[in-house]
Amino acid sequence: MTCRERAGQVRERYEEILSTGAGVVAIGTGGKRYAKAFIEDLQVPFEVLLDEDGSAAEIVGTNTVGIGMAVNPRAWIAGARAVKAAGPQGKTGRRPMQLGATLVIAPGDQLLYVEFEEYAGDHADLDELVAVLRG
Amino acid sequence: MSIDVSRLADHVLIDPDGNEHRFGDRWSEQRALVLFLRHFG
């Protein structure tokens, strides 16, 4: 649900993001069928790739859900917000404990921005991201 | 925390149709916003 919420947020600002000259790619851990449903259901306008074995996420070093998330009020608030925005949790795929991350990478493999989710729904600030993309 | 972006760039991912893509091609000529989602649910 938080992933769907995030995709919707980026979709709503997709044209603004494109106007910076940047591209957008989302990477998820589910299978092909789930990815296609995700794209269709949410009318995702950007590219979606699959990281079925989590090897790309491993290189990035994404966090995983820990016991702390269960008692973190911000996680509960984010969960409630995501349900309201994107509906209940759907299929989670093979790696339900993996958390997300947001990167901005420039030509020459320059990492300009990275933020790791500390809990589900802990999304990077889109205004900040657009500013980084504008350079 | 440092990320080995060159290694990430050489990583091959597939699209929903099963076609393979070199990840780094996404940012070889322009900046890319890269979203690692938890899953597609």
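Up top you'll find the structure we're talking about.
Presented here is a report on the structure given in the accompanying data block. Bear in mind that the values here come from a model prediction, so they are computed numbers and not experimental data. (Residues numbered from 1 in each chain as written. Chains lettered and ligands numbered in written order. Predicted model: local features only at pLDDT ≥ 70, side-chain atom pairs only at ≥ 80, totals over all residues. Heavy atoms only, no water.)

1. What to know about the packing of aromatic side chains
Residues and elements named next belong to chain B. Counting across every chain of the model gives three aromatic pairs over all chains. Residues Phe23 and Trp27 carry aromatic rings whose centres are separated by 5.0 Å and whose planes lie at 65 degrees to one another, so their mutual orientation is edge-to-face. Judged by its relative accessible area of 0%, Phe23 falls in the buried class. (Phe/Tyr/Trp six-rings, centres within 6.5 Å; stacked < 30°, edge-to-face > 60°. Buried < 20%, exposed > 50% of the residue type's maximum accessible area, 1.4 Å probe, protein only.)

2. Observations regarding the interface of chain A and chain B
Each partner contributes to the interface: chain A provides 68 residues, whereas chain B provides 33 residues. Together, the buried faces of chain A and chain B total about 4500 Å²; carbon and sulfur atoms form 66% of this surface. The largest per-residue losses of area from chain A upon contact with chain B belong to A:Ile27, A:Ile59 and A:Ile105, which jointly make up 16% of the total buried on that side. Across the contact surface, chain A and chain B share two salt bridges. A salt bridge links A:Glu47 to B:Arg26; the shortest N-O distance between them is 2.6 Å. The interface formed by chain A and chain B includes 16 residue pairs in polar contact (both at pLDDT 80 or more). (Contact = heavy atoms within 4.5 Å. Buried area = accessible area lost by both parts, 1.4 Å probe. Salt bridge = Lys/Arg side-chain N within 4 Å of Asp/Glu carboxyl O. Polar contact = N/O pair within 3.5 Å; in protein donor to acceptor, adjacent residues only side chain to side chain.)

3. Details of helix α7 (residues 126–134) of chain A
All names here are of chain A. The set of residues buried in α7 consists of Leu126, Leu129, Val130, Val132 and Leu133. For α7, the arc enclosing every buried residue in end-on projection is 160 degrees, short of the 170-degree limit, so these residues lie on one face. Sitting at the head of α7, Asp125 places a side-chain oxygen 3.2 Å from the backbone nitrogen of Asp127. Immediately downstream of α7, the backbone of Gly135 shows phi near 80 degrees, a positive value. (Helix = DSSP H or I, 4+ residues; strand = E, 2+ residues; numbered from the N terminus. Arc of directions from axis to C-beta.)

4. Digging into unusual backbone geometry
Residue and element names in this part refer to chain A. A positive phi angle is found at Gln43, which is not glycine, with a value near 50 degrees. Mapped onto the secondary structure, Gln43 falls in the loop between α3 (32–42) and β2 (47–50). With a phi angle near 60 degrees, Asp109 is a residue other than glycine that sits in the positive phi range. Tracing the chain through its elements places Asp109 in the loop between β3 (101–106) and β4 (110–116).

5. With respect to the pattern of salt bridges
Residue and element names in this part refer to chain A. With the rule as written, the count across this model stands at eight salt bridges over all chains. The closest approach of N and O atoms between Arg13 and Glu16, which form a salt bridge, is 2.9 Å. Sharing partners across several salt bridges, the network here consists of Arg13, Glu16 and Asp127.

6. A word on α3(A)
Residues and elements named next belong to chain A. Here α3 has its buried residues at Ala35, Phe38 and Leu42. The arc that holds every buried residue of α3, seen down its axis, measures 60 degrees, which confines them to one face. With respect to the buried face of α3, the exposed residues turned more than 90 degrees away are Arg33, Glu40 and Asp41. Within two residues after α3, Gln43 carries a phi angle of roughly 50 degrees, on the positive side.

7. A word on the nonpolar core
Note that soluble globular proteins tend to have their nonpolar side chains buried in a common cluster. The biggest cluster of nonpolar side chains holds 28 residues, and the ones touching the most others in it are A:Val24, A:Phe38, A:Phe46, B:Leu33 and B:Leu35. When residues in this core are grouped by element, the largest group, five residues, is from α7(A). Among all residues touching A:Val24, those that are not within four sequence positions of it are A:Val10, A:Tyr14, A:Ile17, A:Phe46, A:Glu47, B:Leu33 and B:Leu35. Grouped together as the second largest cluster of nonpolar side chains are 21 residues, A:Ala56, A:Ala57, B:Ile3 and B:Ala32 included. (Core = buried A, V, L, I, M, F, W, Y, C linked by side-chain atoms within 4.5 Å.)

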